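# Close look at the chain arrangement
Listed here are the chains, written in short residue letters.
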Amino acid sequence: MNILEKYLNSQLTEKLIRQLAQEDEVKIEGIGQSALSFQLAALYQKISIPFLLIFENKEEAAYYFNDFENILGEKKVLFFPESYRRAYQIDETDNANVLLRSKVLSHLQSRQKPQVVVTYPEALFEKVVVKKELQNHTLKIKTGDLLSLDFIYDMLLEYKFELVDFVTKAGEFAVRGGIIDVFSYGDDMPYRIEFYNDKVESIRTFDIEMQLSEEMKKNIQIIPNLSDKLFIQKRQSLLEFIKKDSLVFVKNEELTTDILAKLFDKAEEKFSSLSGEIEHLKPSELFLTPTDFTEGINRFKSIFVKTSRHLSGPEFQIQPQPAFNKDFLLLTENLKQNTEKNYQNIIFCSNDEQVKRLRNIFEDLDEELD
């Protein structure tokens, strides 16, 4: 059974699409958990525009990100995390998150489809490099280019890449004869660029552990650490970076605004206590204020679940699953009641073994279930 197909053909989905065509802001009610994932995935497939999905916190965003990966496919959804734990604490940067943020910006800049980005307030709080700056700090290389190895070497040093013996993480590069290995912040795997005289002979991805080439590439983009506040000065909100025809979904507008306000207050407090020779950018240049957020989402078609705005929209009347606490007698009773109400029972399992286990349990209970 294709659950997504049911949402794609739902009258409520059509109603939501019609209302978005007529109004800039819509509120949806009576929907949550994975039902919300299916509904947003169906809406995305129907209207085919970029989506920015803002959830209440990192854990919730990760939960829905996993849902969207399973529904739409792993390559069709991007996760946008925060890059560090506290404002102006550069030494507490999470390199894995920096890589993910850079990957999202690189993807958005390239205008590849699809563009579904899942995020949360703490990640949205950090401003990103402006598009023009990203273009100026992106090194594009394709097979057959007339480029000298020395030129690439100098550019990587200018981009603050570290010269090492063997590349193991983003921000590193290595040189051996006529070959440069480089790990861009916008990609999951490093590249091996082979030169013949002053010409790019080949470009391949390679495995870090085995150091063996994997996939041939015709062209690549190398981008630096876009979260380095000392390297790139001009910044803008992610809401300014995404395309103007995007749809913005906000799970809880008031909570998001409140979190941004608290984070900004802490950033201002930290900024006022800074000292030393390094000149730091002001909080308003680095971080998103609650006003910036409100004004930002007002420029897009928006869907809200929890908001103080007086908006109309479809009501789904979807109820969360009752808690059975591993009591299969309670579960079977609930399934029977659903059947009596003409509901179709569908149980999702993680794997085949779980399917077999459930079948055995129901058979042992000797219950006739639809």
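Please refer to the structure placed before this passage.
In this text the structure is predicted, and so the values were computed from the model without any measurement.

## Let's talk about the packing of helix H3 (residues 33-47) against helix H4 (residues 58-72)
Interhelical geometry of H3 versus H4 gives an angle of 50 degrees and a closest axis separation of 10 Å. Between H3 and H4, the crossing angle belongs to the class labelled oblique. For the pair H3 and H4, the sense of crossing is right-handed. On H4, the residues that touch Gln 33, Ser 34, Leu 36, Ser 37, Phe 38, Leu 40, Ala 41, Tyr 44 and Gln 45 of H3 are Tyr 63, Tyr 64, Asp 67, Phe 68, Ile 71 and Leu 72.

## Notes on H3
The terminal C-alpha atoms of H3, which comprises 15 residues, lie 22 Å apart, in line with the 21 Å expected from a rise of 1.5 Å per residue. A positive phi of about 50 degrees marks Ser 48, the residue just after H3.

## Some details on the sheet that holds strand E9 (residues 179-182)
The strand order E7-E8-E9-E10-E11-E12 describes an open sheet built from 6 strands, whose pairing is mixed. Because the sheet does not close on itself, it has two edges, and the strands there are strand E7 (162-163) and strand E12 (213-216). Sheet topology note: the E7/strand E8 (residues 172-176) ladder contains 2 bridges and is parallel. For Leu 163, the partnering residue across the bridge sits in E8 and is Phe 173. Relative to the sheet, helix H8 (residues 149-158) contacts E7, E8, E9 and strand E10 (191-196), its axis offset from that of E9 by approximately 25 degrees.

## Some remarks on the nonpolar core
Core analysis: the biggest nonpolar cluster contains 98 residues, and Ile 28 and Ile 141 have the highest contact counts within it. In terms of residues, this core owes the most to one element, H3, which gives 8 residues. Setting aside chain neighbours within four positions, we find Ile 141 in contact with Leu 147, Ile 152, Ile 193, Val 200, Ile 203, Lys 218, Asn 219, Ile 220 and Ile 222. Grouped together as the second largest cluster of nonpolar side chains are 5 residues, Phe 324, Leu 335, Leu 358 and Phe 362 included.

Here is what the cut-offs are and how they apply
- Residues numbered from 1 in each chain as written.
- Predicted model: local features only at pLDDT ≥ 70, side-chain atom pairs only at ≥ 80, totals over all residues.
- Heavy atoms only, no water.
- Axes fitted to C-alpha atoms, helices over the stretch in contact; angles between N-to-C directions.
- Helix = DSSP H or I, 4+ residues; strand = E, 2+ residues; numbered from the N terminus.
- Parallel < 35°, antiparallel > 145°, perpendicular 65-115°, else oblique.
- Left-handed = near helix turned anticlockwise from the far one by under 90°.
- Contact = heavy atoms within 4.5 Å.
- Expected span 1.5 Å × (residues − 1).
- Pairing = 2+ DSSP bridges.
- Core = buried A, V, L, I, M, F, W, Y, C linked by side-chain atoms within 4.5 Å.
- Buried < 20%, exposed > 50% of the residue type's maximum accessible area, 1.4 Å probe, protein only.

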